[in-house]
Amino acid sequence: MKPAPFAYVRAESFEHALDVLAEHGDDALVLAGGQSLVPMLNLRLVQPAVVLDINALHALSTIDTHAEGGLRLGALVRHREIAIHPVIATRAPLLRAAAPWIAHPAVRHRGTLGGSLALGDPAAEWPACAVALDATIRLASRARGERCVAASAFFQGLYQSDRRADELLVGCEFPRASDDSVFFFRELARRHGDYASVGLAVSARGRPGAWQDLRLVFFGVGDTPVSATACSAALIAGDAFADAQTRLEAELEPRADLWFSAPAKRHLAVQLLRDAWRDLGNPIGGT
Ligand SMILES: Cc1cc2nc3c(=O)[nH]c(=O)nc-3n(C[C@H](O)[C@H](O)[C@H](O)COP(=O)(O)OP(=O)(O)OC[C@H]3O[C@@H](n4cnc5c(N)ncnc54)[C@H](O)[C@@H]3O)c2cc1C
């Protein structure tokens, strides 16, 4: 299929982009890497009056490793750049671990961090990592200037986020990993490169028996990334793994997809939890 007709506008400056979004609101869609937008246009799942291409806004492609508190990545940073950047690998190892799971090399070369966060696919890697790392998403509009939203509050429903129609997603800030930070990332998919059927991004500080800030964020099991807070509280408290597992099973409400029933997804999530807990050096059978 071919897209419905639309006007193509190439943003000449940041201000120009905000002006176009202010003028057209819901009738304009931003074009970043195009890896999701172009298929959606071709299938006529979206029919915007205006497609606003932001690829000439080079300021949105920056990777600032000296930002106060951590890493500041522009919306146009490509998945591939995150995968290979040496400083990202040390400051935010979870991002480095997650990047190779996204699609295939061709998609990773074009697809952007901002596009993935703005789209908010419930099975995507970056939204889950952003929540697990307690990241902050930056948005800008002509009417309200710039504002920041915690990733945990940004994703609000299936492909629904806190971004308003006149806002450009400008970038994302990730806190710097501390010396005692640990991470785990894994997903289960039918084929490598597919969106995850079930995935888990974990961030924590401490060591076995003394965990803090344990964030267990599952994806592919709900309309948004799902923080398993009850399960995490049980593990921090030193409860038996079986008790934490019971809590996880109670707090996940996965929906069946084409391949997996809801109980199968719940089962896979428990297996990922088990893998993560073991990888972080914890006994599975003990307290
Ligand atoms: C074969 C295939 C496999 C894939 N597999 C995976 C996968 O396993 N995991 C995964 O996470 N993704 C996967 N993707 C999607 C890919 O990661 C996309 O790159 C990503 O979802 C969107 O990024 P984009 O830069 O391409 O955004 P675009 O496609 O350009 O835009 C996506 C949406 O976000 C909006 N948008 C984009 N940038 C902004 C911005 N700065 N401000 C406001 N709105 C914006 C657009 O208007 C559009 O609605 C796959 C894609 C393909 C084609």
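Note that the structure is a prediction, hence the values are computed from the model and not measured.

Asker: Describe the overall build of the protein chain, listing the residues and the values that go with them.
Answerer: Helix and strand counts for the protein chain stand at twelve helices and 14 strands. In terms of overall dimensions, the protein chain is globule-like: its C-alpha atoms have a radius of gyration of 19 Å, near the 19 Å expected for 287 residues. Projected onto its principal axes, the C-alpha positions of the protein chain cover 60 × 45 × 35 Å. Taking as baseline every contact in the protein chain between residues at least 6 positions apart, the subset at least 24 positions apart corresponds to 59%. Only carbon and sulfur atoms are counted for the fraction: they give 51% of the accessible area of the protein chain, which is about 13100 Å². Put simply, the protein chain has 29 plus and 32 minus side-chain charges, and the middle of one group is 5 Å from the middle of the other.

Asker: Can you break down the sheet that holds strand S13 (residues 210-219) residue by residue, with the values?
Answerer: Taking strand neighbours across the sheet as the criterion, the four strands line up as S11-S12-S13-S14 in an open arrangement whose pairing is antiparallel. The two strands at the open ends of the sheet, each matched to only one other strand, are strand S11 (181-188) and strand S14 (226-227). When strand S12 (residues 198-207) meets S13, the two strands line up antiparallel, connected through eight bridges. Looking at S13, one finds that Ala201 is bridged to Val217.

Asker: So what's going on with the state of the cysteines? Which residues, and what values?
Answerer: In this structure the tally under the stated criterion is zero disulfides. In this structure Cys129 is not part of a disulfide, and its nearest cysteine sulfur, from Cys172, lies 10 Å away. With no disulfide partner, Cys148 has as its closest neighbouring cysteine sulfur the one in Cys172, 9.9 Å distant.

Asker: Can you explain the domain arrangement of the protein chain? Please cite residues and give values.
Answerer: One widely used convention gives an interface's size as the accessible area the parts lose upon coming together. What the domain assignment reports for the protein chain is domain 1 (7-53), domain 2 (59-175) and domain 3 (183-279). Using only C-alpha atoms to locate each centre, domain 1 and domain 3 end up separated by 35 Å.

Asker: Account for helix H10 (residues 229-236), with residues named and values stated.
Answerer: Every buried residue of H10 is listed here: Cys231, Ser232, Ala234 and Leu235. Buried residues of H10, seen end-on, are gathered within an arc of 160° and therefore sit on one face of the element. In this structure, the buried side of H10 is in contact with S13, helix H11 (241-251) and helix H12 (262-279).

Asker: Residue-level account of the packing of aromatic side chains, with values.
Answerer: What the rule picks out here adds up to four aromatic pairs. Measuring from centroid to centroid gives 5.1 Å for Phe154 and Phe155, while their planes differ by 85°, and the two rings are edge-to-face. Assigned by exposure class, Phe154 and Phe155 land together as buried. Feature note: the residues Trp101, Phe185 and Phe219 constitute an aromatic cluster, connected by ring pairs. Geometry around Trp259 places Arg190 over its ring, the cationic atom sitting 3.7 Å from the centre.

Asker: Got a sec to walk through the pairing of strand S6 (residues 136-141)? Specific residues and values, please.
Answerer: Among the six residues in S6, five count as buried, and that is most of the element. Here S6 pairs with strand S7 (residues 145-150) via six bridges, running antiparallel. Each residue of the ladder has a partner; that of Arg138, found in S7, is Cys148. From the end of S6 to the start of S7, which pair antiparallel, there are three residues. Pairing analysis gives five bridges linking S6 to strand S10 (residues 168-175), with the strands arranged antiparallel. The residue of S10 that forms the bridge with Ile137 is Cys172.

Asker: Let's hear about the sheet that holds strand S2 (residues 28-31): which residues, and what values?
Answerer: Taking strand neighbours across the sheet as the criterion, the three strands line up as S1-S3-S2 in an open arrangement whose pairing is parallel. At either end of the open sheet lies a strand with only one pairing partner, and these are strand S1 (7-10) and S2. Along the sheet, successive strands turn relative to each other by an average axial angle of 25°, direction set aside. Relative to strand S3 (residues 50-53), S1 runs parallel, the two being bridged by four bridges. Residue pairing in the sheet places Ala7 in a bridge with Val50 of S3. Most of the contacts of helix H1 (residues 14-24) go to S3, to which it runs at about 165°, and overall it touches S1, S2 and S3.

Asker: Pulling in residues and values, what's your account of the pattern of salt bridges?
Answerer: Per the stated rule, a full pass over the model turns up 18 salt bridges. In this structure, Asp279 and Arg186 form a salt bridge, with 3.4 Å as the shortest nitrogen-oxygen distance. With Asp279 in helix H12 and Arg186 in strand S11, the pair connects residues that are 93 residues apart, well separated along the chain. Residue Arg191 is joined to Asp194 by a salt bridge in which the shortest nitrogen-to-oxygen separation is 3.1 Å.

What counts and how
Residues numbered from 1 in each chain as written. Predicted model: local features only at pLDDT ≥ 70, side-chain atom pairs only at ≥ 80, totals over all residues. Heavy atoms only, no water. Helix = DSSP H or I, 4+ residues; strand = E, 2+ residues; numbered from the N terminus. Rg over C-alpha atoms; globule rule 2.2 N^0.38 Å. Contact = heavy atoms within 4.5 Å. Areas by Shrake-Rupley, 256 points an atom, 1.4 Å probe, with all protein chains shown as cover. Lys, Arg positive; Asp, Glu negative; His and termini not counted. Charge placed at Lys NZ, Arg CZ, Asp CG, Glu CD. Pairing = 2+ DSSP bridges. Disulfide = S-S within 2.5 Å. Domains from an automatic or database assignment. Buried < 20%, exposed > 50% of the residue type's maximum accessible area, 1.4 Å probe, protein only. Arc of directions from axis to C-beta. Phe/Tyr/Trp six-rings, centres within 6.5 Å; stacked < 30°, edge-to-face > 60°. Lys NZ or Arg CZ within 6 Å of the ring centre and 35° of its normal. Axes fitted to C-alpha atoms, helices over the stretch in contact; angles between N-to-C directions. Salt bridge = Lys/Arg side-chain N within 4 Å of Asp/Glu carboxyl O.

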